[in-house]
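Inside the fold
Residues per chain are reported as follows:
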Amino acid sequence: MTEQTSVQSTPFPSASILGYPRIGRRRELKKAVEAYWAGKIDAAALDTAAKEIQLGTAKRLQGLGLTEAAAVPGTFSFYDQVLDAAAHVGAVPARFGNLLNAEGQLDIDGYFTLARGNKEQQPLEMTKWFDTNYHYLVPEIGPETNFALTSNRIVEEFEYALANGVETRPYIVGPVTVLLLSKASDDAPAGFSPLSRLEDVLPVYTALLEKLAAAGASWVQLDEPALVVDQDTPEQEIQAAVARAYEVLTAAATRPQLFVSTPYGALNGQLGTLAATNIDALHIDVFKGEVPSAAALAALGAKTLVAGVVDGHNIWRNDLQASAKKIAELQKSVAKLAISTSTSTQHVPHDVEEEVQLSEQLRSWLAFADQKAVEVVTLAGLLTDAAAVQPAVDEATRVIASRAAAEGVKRADVRARTAALTPADFNRSEYAVREAAQEEALHLPPLPTTTIGSFPQTSEIRSARARNNKGDLTDEQYEQLMKDEIKRVVDLQEELGYDVLVHGEPERNDMVQYFAENLEGFDVTVHGWVQSYGSRCTRPSILWGDVTRSAPITVKWAEYAQSLTNKPMKGMLTGPVTILAWSFVRDDQPLGETANQVGLALRDEIADLEAAGIKIIQVDEPALRELLPLRKADQSAYLDWSVNSFRLATAGAADATQIHTHLCYSEFGVIIDAIDGLDADVTSIEAARSRMEVVHDLESHGFGRGVGPGVYDIHSPRVPGEQEVTELLSTAVKHVPSRQLWVNPDCGLKTRGYAETEASLRNLVTATKTVRAELLEAAK
Ligand code: GLN
Ligand code: ZN
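As recorded by an unreviewed UniProt entry, the protein carries the name 5-methyltetrahydropteroyltriglutamate--homocysteine methyltransferase and is attributed to Arthrobacter globiformis. Check the Pathway (unreviewed entry) section of the UniProt entry for the protein; it says "Amino-acid biosynthesis; L-methionine biosynthesis via de novo pathway; L-methionine from L-homocysteine (MetE route): step 1/1." Its UniProt record gives the protein the following Function (unreviewed entry) comment, quoted word for word: "Catalyzes the transfer of a methyl group from 5-methyltetrahydrofolate to homocysteine resulting in methionine formation."

Okay, structure coming up:
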């Protein structure tokens with residue numbers, strides 16, 4: 001006899017959420033973790049802070065109605081959930097040496113070392129989690145990785161909550177997803193696939209499950225979002241891995257019931273694979289995905305289907321009536337049904353009620369994590385007593401209808417303008433014509449030097465903004481301080497010998513929020529922080545209505561900066577796709593329509609910048625890659641609207657106006673056609689860390705316009721040497737015609753300090769001079 005029979009009697013909670021924000025309502029975790037890193041608090045104090053957050057969350061979710069056993073997910077993390085999984089199974093790269101302590105465990109310091117690196121070692125690579133703005137750490141796995149249960153944290157967290165009266169549902173990223181998201185370690189042979197280590201990692205998961213069963217967990221959540229994405233690994237290979245993984249895990253001698261979650265999209269082919277295993281509950285995303293066919297659902301048999309009907313990724317109030325329809329549909333075909341969110345709510349802020357500065361109307365349209373928990377509870381009520389929840393359903397229907405009719409949501413002036421657009425509005429003249437006009441207007445030297453826009457945001461700048469917001473500095477005083485800063489940045493660039501200058505963006509708190517605050521159709525939050533990675537949070541703006549520009553936004557700053565120099569001053573704007581990607585965007589119309597509205601607002605701004613004498617305008621699109629849909633079939637439609645919105649923003653510019661764009665990543669090959677389609681005159685991209693690999697893509701694609709592959713990695717405090725930059729540039733000129741080449745850092749400098757920035761920027765100019773001289777010599 002095993003304990004399995006006794007735990008299996010607990011039904012899956014009828015109302016649950018896949019995960020909850022862990023940073024804390026007032027970013028308590030951020031503060032505690034950063035204090036620990038700075039040596040201001042010790043490990044015990046950090047642990048206490050973490051426990052307070054965990055228990056606070058558990059009690060709050062219970063209070064909101066998640067009262068059944070295992071309804072509260074144990075999704076706390078000190079840094080990242082993928083790192084947590086790696087830390088539990090012993091996926092510690094050999095290059096770190098032995099990070100395990102005497103007990104064979106990865107303690108909190110070892111854990112943070114993987115996340116943040118140390119003096120000698122780079123941390124694990126970081127990359128975006130599915131189609132979100134959250135970043136996870138990429139485990140490194142090789143043939144030698146020694147899998148073992150190297151952490152007990154998930155078990156301890158469960159025990160702590162249980163001792164305090166809450167039976168949580170332990171969470172860990174599942175084995176197939178962990179391996180699919182991992183990369184081969186440095187010492188692995190060519191062609192090695194981490195998935196080939198599945199057999200070796202499964203016993204560690206089994207051991208963990210046995211421990212959790214012994215601790216009293218009735219359900220465990222294994223998160224397998226990688227199954228909703230088109231992977232490079234062949235589909236059959238993934239199916240085999242899923243079947244094998246859950247065959248092994250469900251065969252554990254003692255185990256909690258297994259709940260597999262598959263957020264971020266439709267499960268497609270893997271639904272049948274999972275249905276054929278012995279897992280006890282399966283989550284599918286029916287918010288983004290469709291309700292599967294009756295036949296597909298019937299295959300689930302006695303398993304509980306956990307329907308993700310409430311969107312965990314965006315902030316709009318759920319259309320309970322539409323959700324009720326899906327639930328009714330599902331009820332026809334499944335034996336046991338439970339209600340949940342489509343994804344973890346880690347992507348949304350905690351609580352709408354905190355945003356007292358927002359209008360009551362706007363607040364009524366929104367649901368943050370706490371409101372989503374309540375929505376799930378309401379919808380679960382449909383399973384038992386539909387009449388009792390009908391008033392809540394009706395209220396949601398009423399609010400959603402009032403949202404559609406509310407002032408500002410659909411503006412006739414904006415709609416008339418987008419309706420009148422013709423293909424000509426998206427096209428500029430031939431590049432050759434523009435190139436000639438720009439040469440005439442700008443007279444730039446070969447290999448022109450420039451920067452990406454921002455200069456270091458010093459504490460003086462931040463504190464001036466804070467004092468201005470509080471009313472301790474008048475707007476005039478604040479403006480003067482910003483002008484002083486702009487002058488300092490312009491003088492510095494003159495002194496260093498840059499060819500195309502920037503004003504440094506001191507007046508911008510954030511490259512998206514700044515525009516959101518100055519456009520109609522947006523609102524911003526005060527406490528709406530969401531975790532981006534580790535202790536870093538962003539505060540996305542809310543794009544709820546039709547977007548227009550009521551007055552120029554950047555013109556006075558650009559004009560002032562241009563008045564300080566005879567060199568060309570770049571006007572600096574954030575592009576439509578990035579404004580959408582880093583905001584919470586209205587869900588009541590296609591994204592492409594919203595993007596065109598933003599595009600038109602930027603088009604007006606560009607016209608005003610031109611009228612003010614600005615000859616070069618950069619429209620940043622660092623998020624172009626990020627919004628790329630997970631399924632290949634959806635990608636071309638996305639690339640169409642995203643590229644078009646950029647073209648709409650920029651195509652009104654005169655031939656002689658040079659349009660730049662900037663993208664923040666180096667996986668250029670994937671979307672090079674789209675980047676080409678933007679039709680910018682000059683494109684700057686990241687390249688320093690990948691040692692100029694991108695120039696091969698540019699060469700084979702025959703990229704024909706200006707391009708600035710970054711030669712200074714601004715994500716690190718390291719100063720690139722003059723020699724190093726010279727070598728990078730020499731590599732670049734071998735593959736890209738020198739008349740197309742620009743010299744610039746990888747990204748904006750706002751997170752850097754002045755000392756390293758100045759030294760680095762100086763080396764860029766000296767290296768450029770060397771390479772220019774070589775080019776002259778070679779031309780003789
Ligand atoms: N112009 C912005 C800056 O320099 C671009 C930042 C970005 O690409 N993320 O900060
Ligand atoms: Zn960038």
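What follows covers the confidence of the model for the protein. Within the protein, residue pLDDT values average 95, and 99% of them lie at 70 or more. Note that residues 1-7 has pLDDT below 50 and, in this model, 14 contacts with residues that lie over four places away or in other chains.

Let's shift gears to the coordination of the zinc ion (ligand 2). Coordination of the zinc ion (ligand 2) by the protein involves His662 (NE2), Cys664 (SG) and Cys747 (SG), with metal-donor separations of 2.0 to 2.2 Å. For the zinc ion (ligand 2), the four donor atoms in the first shell make angles of 82 to 124° at the metal, so the coordination geometry reads as irregular. According to the relative accessible area criterion, cysteine 664 is partly exposed, its value standing at 23%.

Looking at the element boundaries, threonine 449 is found in the loop between helix H17 (431-442) and helix H18 (459-470). In this structure threonine 449 touches Gly497, Tyr498, Asp499, Val500, Val743, Thr768 and Arg772, once residues within four positions along its chain are discounted.

Their axes nearest at 9 Å, the elements helix H26 (residues 694-701) and helix H27 (residues 722-735) cross at an angle of 15°. Here H27 runs roughly parallel to H26, going by the angle between their axes. Pair H26 / H27 crosses with right-handed handedness. In this structure, H26 uses Val695, His696 and Glu699 to contact H27, whose residues at the interface are Ala732, Lys734 and His735. For the contact of H26 with H27, the residue count by class is two nonpolar, two polar and two charged.

Time to look at the sheet that holds strand E12 (residues 520-523). Hydrogen bonds between backbone atoms are what pair the strands of a sheet, whose relative direction is either parallel or antiparallel. Spatially, the three strands line up as an open sheet ordered E12-E15-E17, and their pairing is mixed. Since the sheet does not close on itself, it has two edges, and those belong to E12 and strand E17 (583-585), each with one partner. Recorded for the sheet is a direction-independent mean angle of 35° between the axes of neighbouring strands. Note that strand E15 (residues 541-548) and E17 share three bridges and pair parallel.

On to empty space enclosed by the protein. With the rule as written, the count across this model stands at nine cavities of 30 Å³ or more. In this model, the largest cavity occupies a volume close to 330 Å³. The wall of the largest cavity is formed by 27 residues, among which Pro73, Gly74, Thr75, Phe76 and Glu157 lie closest to the centre. Lining the second largest cavity are 13 residues; nearest its centre among them are Gln81, Tyr171, Asp223, Ser344 and Gln346. Across the lining of the second largest cavity, the residue classes break down as five nonpolar, six polar and two charged.

Moving on, we get to helix H5 (residues 108-116). Along H5, the positions that sit buried rather than exposed are Gly110, Tyr111, Phe112, Thr113, Leu114 and Ala115. Directly after H5, the chain includes glycine 117, whose backbone phi takes a positive value near 75°.

Next up on the list: the site of ligand 1. In the region of ligand 1, the neighbouring residues are Ile452, Gly453, Ser454, Glu505, Met511, Asp620, Pro622, His662, Cys664, Cys747 and Gly748. In the model, a nitrogen atom of ligand 1 is placed 2.6 Å from a nitrogen or oxygen of the aspartate 620 side chain. Against a free-state accessible area of 300 Å², the protein chains account for coverage of 91% of ligand 1. A per-class count over the shell around ligand 1 returns five nonpolar, four polar and two charged.

We now examine the nonpolar core. Counting residues in hydrophobic clusters, the biggest one holds 105 residues, and the most contacted among them are Tyr205, Tyr246, Leu274, Leu282 and Leu366. Counting residues per element, this core draws most heavily on helix H8 (residues 198-215), which supplies nine residues. Once residues lying within four places of it in the same chain are set aside, the contact partners of leucine 366 are Ile315, Trp316, Arg317, Val352, Leu358, Gln371 and Ile542. Within the second largest apolar cluster, 87 residues are counted, among which are Ala516, Ile659, Leu761 and Leu764.

Scanning the model with the defined rule gives 47 salt bridges in all. Among the ionic pairs, lysine 183 bridges to glutamate 125, the shortest N-O distance being 2.7 Å. On the criterion of sequence distance, the pair formed by lysine 183 in strand E6 (residues 183-184) and glutamate 125 in the loop between H5 and strand E2 (126-128) is long-range, its members being 58 residues apart. We classify lysine 183 as partly exposed; its relative accessible area is 29%. On the basis of relative accessibility, which here comes to 40%, the residue glutamate 125 falls in the partly exposed class. The partner of aspartate 230 in a salt bridge is arginine 631, with the nearest N and O atoms 2.8 Å apart. With aspartate 230 in the loop between strand E7 (219-223) and helix H9 (235-250) and arginine 631 in the loop between strand E18 (616-620) and helix H24 (635-650), the pair connects residues that are 401 residues apart, well separated along the chain.

Tracing the sequence through the fold places glutamine 658 in strand E19 (residues 658-662). Given the relative accessible area of 8%, glutamine 658 is considered buried. The spacing of glutamine 658 and glutamine 618 is 40 residues in sequence and 8.3 Å in space, taken between C-alpha atoms. Residues in contact with glutamine 658, not counting those within four places in the same chain, are Gln438, Leu442, Leu444, Lys615, Ile616, Ile617, Asp681, Val682 and Trp742.

Let us now look at the packing of aromatic side chains. Under the criterion given, the structure shown has 15 aromatic pairs. When the ring of tyrosine 638 is compared with that of tryptophan 641, the centres are 5.2 Å apart and the planes differ by 90°; the resulting orientation is edge-to-face. Here tryptophan 641 and tyrosine 638 lie together in helix H24, a separation of three residues that amounts to about one turn. Both residues of the pair, tyrosine 638 and tryptophan 641, count as buried. Site record: aromatic cluster; members linked through ring pairs are Tyr36, Trp37, Phe76, Phe78, Tyr79, Tyr111 and Phe112. Positioned over the ring face of tyrosine 111 is arginine 153, at 5.7 Å from the centre of the ring. In this structure, arginine 403 packs its charged tip against the face of tryptophan 316, placed 4.1 Å from the ring centre.

Another point: the sheet that holds strand E5 (residues 169-173). Sheet architecture is open: seven strands sit in the order E1-E5-E7-E8-E9-E10-E11, paired in parallel fashion. The open sheet has two edge strands with one neighbour each: strand E1 (73-74) and strand E11 (336-341). Along the sheet, H8 makes contact with E5, E7 and strand E8 (257-261), crossing E5 at roughly 170°.

As annotated in UniProt, the feature "binding site: Zn(2+)" (unreviewed entry) corresponds to His662, Cys664, Glu686 and Cys747 in the numbering used here. Spatially, the listed residues are clustered: although they cover 86 residues, their C-alpha atoms lie within 8.8 Å of one another. Here cysteine 664 is to be found in the loop between E19 and helix H25 (672-678). Ignoring anything within four residues of it in the chain, the contact list for cysteine 664 reads Pro622, Glu686 and Cys747. With respect to the helices and strands, cysteine 747 occurs in the loop between H27 and helix H28 (754-779). With near-sequence residues (within four places) excluded, cysteine 747 lies in contact with Ile452, His662, Cys664, Ile714 and His715.

The rules we used
- Residues numbered from 1 in each chain as written.
- Chains lettered and ligands numbered in written order.
- Predicted model: local features only at pLDDT ≥ 70, side-chain atom pairs only at ≥ 80, totals over all residues.
- Heavy atoms only, no water.
- UniProt positions renumbered as here; feature names shortened; annotations may be inferred.
- pLDDT = per-residue confidence, 0-100.
- Contact = heavy atoms within 4.5 Å.
- Donors = N, O, S within 2.8 Å, 3.2 Å for Na, K, Ca; no water.
- Tetrahedral: all angles 85-135°; square planar, octahedral: opposite > 155°, others 65-115°.
- Buried < 20%, exposed > 50% of the residue type's maximum accessible area, 1.4 Å probe, protein only.
- Helix = DSSP H or I, 4+ residues; strand = E, 2+ residues; numbered from the N terminus.
- Axes fitted to C-alpha atoms, helices over the stretch in contact; angles between N-to-C directions.
- Parallel < 35°, antiparallel > 145°, perpendicular 65-115°, else oblique.
- Left-handed = near helix turned anticlockwise from the far one by under 90°.
- Nonpolar A, V, L, I, M, F, W, Y, C, P; charged D, E, K, R; others polar.
- Pairing = 2+ DSSP bridges.
- 1 Å grid on protein atoms, 1.4 Å probe; cavity = no way out; pocket = protein on both sides within 12 Å on 5 of 7 lines; lining within 4 Å.
- Points joined across faces, edges and corners; volume = space filled by probe spheres on them.
- Near = heavy atom within 4 Å.
- Polar contact = N/O pair within 3.5 Å; in protein donor to acceptor, adjacent residues only side chain to side chain.
- Areas by Shrake-Rupley, 256 points an atom, 1.4 Å probe, with all protein chains shown as cover.
- Core = buried A, V, L, I, M, F, W, Y, C linked by side-chain atoms within 4.5 Å.
- Salt bridge = Lys/Arg side-chain N within 4 Å of Asp/Glu carboxyl O.
- Phe/Tyr/Trp six-rings, centres within 6.5 Å; stacked < 30°, edge-to-face > 60°.
- Lys NZ or Arg CZ within 6 Å of the ring centre and 35° of its normal.

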